[in-house]
Amino acid sequence: MTEGLRERKKRQTRQRISEVATGLFVERGFDHVTIAEVAEAAEVSVNTVYNYFASKEDLVLPPEEASPQRLADMVRARPPGQPAVRAVLEHLREEVRRRERRLGLTEGFGRVLEMMRATPTLTARLEDLGREMTDALAACLAEETGAAPDDPLPRVVAWHVGCLHALVLIEIARRTAAGQDPGEIAGEVLRLLDVAEDVLGERVLGYAVREGETCSE
């Protein structure tokens, strides 16, 4: 579907507010910047900021980029015949190749990372988000495979995927903090994903082959 003018303007406004806010947070610290100051710098009203972002933390971790459904959505979008975990691996590889912002593979992310690490509410948000992603994926896999409520397999597979996703983010953060550029980091993360795929057994890699309708949100 082609993006309409109204939708494009809303997306551009949302992006501008987030970028302005992040710049202020990096410069002065997350806790030392108010929503009113973000609104003034972005040349919008305070109400406009809240219309786009429900909380101050959302300015740094927008729900569309940091959604609890992120891993489950990768599984839902896979084509027939593809197992769940292989779909996640393929999706992550594509994000790394595109050097997506949500992974932190952009110039200047090092300073953003330092700001986030210095902000307890943001680090706690990231930890909670990781657990929520794994739980949502486990529920999706259980629904799609028709697993019994006491079957631990969907949760075990989801745990493997959640750990791998966390490892990718940790590796990017570690290399960013060491001063490596996004291109170099992307190459190393692709190598990490190859190693992870080699280590994971076929029981995990071949789990939940999509046959028809996938799980619902």
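Remember, predicted model here, so these are calculated numbers, not experimental data.

1. A closer look at the pattern of salt bridges
In a structure, side chains of opposite charge can pair up when their charged atoms sit close to one another. As enumerated under the stated definition, the model contains 21 salt bridges in all. In this structure, the salt-bridge partner of Arg175 is Glu188, at a minimum N-O distance of 3.6 Å. With a gap of 13 residues between them, Arg175 in helix H8 (residues 153–177) and Glu188 in helix H9 (residues 182–199) connect regions that are remote in the sequence. The exposure class of Glu188 is partly exposed, given its relative accessible area of 24%. Salt bridges sharing partners connect three or more residues here, namely Arg70, Glu94, Glu95, Arg97, Arg98, Glu100 and Arg102.

2. Some thoughts on the side chain of Arg76
Take Arg76: it is sitting in helix H4 (residues 70–76). Within the structure, the side chain of Arg76 is placed 3.4 Å from the backbone oxygen of Cys215, a separation counted as a polar contact. With sequence-adjacent residues up to four places away left out, Arg76 is seen in contact with Gln69, Cys140, Arg210, Thr214, Cys215, Ser216 and Glu217.

3. Description of the side chain of His165
The residue His165 is located in helix H8 in this model. When its relative accessible area of 7% is taken as the criterion, His165 is described as buried. Here His165 is in contact with Arg70, Leu71, Leu92 and Met133, once residues within four sequence places are set aside.

4. Observations concerning the packing of aromatic side chains
According to the stated counting rule, one finds 1 aromatic pair in the structure shown. The positively charged end of Arg14 is found above the aromatic ring belonging to Phe53, 4.5 Å away from the centroid. One Lys or Arg, Lys56, reaches over the ring of Phe30 and ends 4.6 Å from the middle of that ring.

5. Some points on the state of the cysteines
Summed over all chains, the structure comprises 1 disulfide. For Cys140, the disulfide goes to Cys215, at an S-S distance of 1.7 Å. Here Cys140 is found in helix H7 (residues 120–145), whereas its partner Cys215 is found in the segment after helix H10 (202–205), with 75 residues between them in sequence. Take Cys140 and Cys215: they sit in the same class, and that class is buried.

6. A few points about the nonpolar core
Generally speaking, a soluble globular protein has its nonpolar side chains buried in company with each other. Counting residues in hydrophobic clusters, the biggest one holds 61 residues, and the most contacted among them are Ile17, Phe25, Leu59, Val60, Val85, Met115 and Leu141. Residues in contact with Leu141, not counting those within four places in the same chain, are Val75, Ala84, Pro154, Val157, Ala158, Tyr207 and Ala208.

7. Here's the deal with the packing of helix H5 (residues 84–97) against H8
Look at H5 against H8: their axes get within 11 Å of each other, and the N-to-C directions meet at 10 degrees. By the angle between their axes, H5 is roughly parallel relative to H8. Handedness of the crossing formed by H5 with H8: right-handed. Mapping the contact onto sequence places Val85, Val88, Leu89 and Leu92 in H5 and Val157, Val161, Leu164 and His165 in H8. Per-class residue counts for the contact of H5 with H8 are 7 nonpolar, 1 polar and no charged.

8. A look at the packing of helix H1 (residues 5–28) against helix H2 (residues 35–42)
Contact geometry of H1 with H2 gives a least axis separation of 9 Å together with a crossing angle of 120 degrees. As far as their axial angle goes, H2 and H1 are oblique. Handedness of the crossing formed by H1 with H2: right-handed. Contacts between H1 and H2 pair Arg16, Ile17, Val20, Ala21, Leu24, Phe25 and Arg28 from the former with Glu37, Val38, Ala41 and Ala42 from the latter.

9. Observations regarding H5
Across its 14 residues, H5 extends 20 Å between first and last C-alpha, which sits within 8% of the 20 Å expected from 1.5 Å per residue. For H5, the complete set of buried residues consists of Ala84, Val85, Ala87, Val88, Leu89, Leu92, Arg93, Glu95 and Val96. At its buried positions, H5 is contacted by H4, H7, H8, H9 and H10.

Cut-off values and rules
- Residues numbered from 1 in each chain as written.
- Predicted model: local features only at pLDDT ≥ 70, side-chain atom pairs only at ≥ 80, totals over all residues.
- Heavy atoms only, no water.
- Salt bridge = Lys/Arg side-chain N within 4 Å of Asp/Glu carboxyl O.
- Helix = DSSP H or I, 4+ residues; strand = E, 2+ residues; numbered from the N terminus.
- Buried < 20%, exposed > 50% of the residue type's maximum accessible area, 1.4 Å probe, protein only.
- Polar contact = N/O pair within 3.5 Å; in protein donor to acceptor, adjacent residues only side chain to side chain.
- Contact = heavy atoms within 4.5 Å.
- Phe/Tyr/Trp six-rings, centres within 6.5 Å; stacked < 30°, edge-to-face > 60°.
- Lys NZ or Arg CZ within 6 Å of the ring centre and 35° of its normal.
- Disulfide = S-S within 2.5 Å.
- Core = buried A, V, L, I, M, F, W, Y, C linked by side-chain atoms within 4.5 Å.
- Axes fitted to C-alpha atoms, helices over the stretch in contact; angles between N-to-C directions.
- Parallel < 35°, antiparallel > 145°, perpendicular 65-115°, else oblique.
- Left-handed = near helix turned anticlockwise from the far one by under 90°.
- Nonpolar A, V, L, I, M, F, W, Y, C, P; charged D, E, K, R; others polar.
- Expected span 1.5 Å × (residues − 1).

Don't take any of this as a statement about function, it's just geometry.
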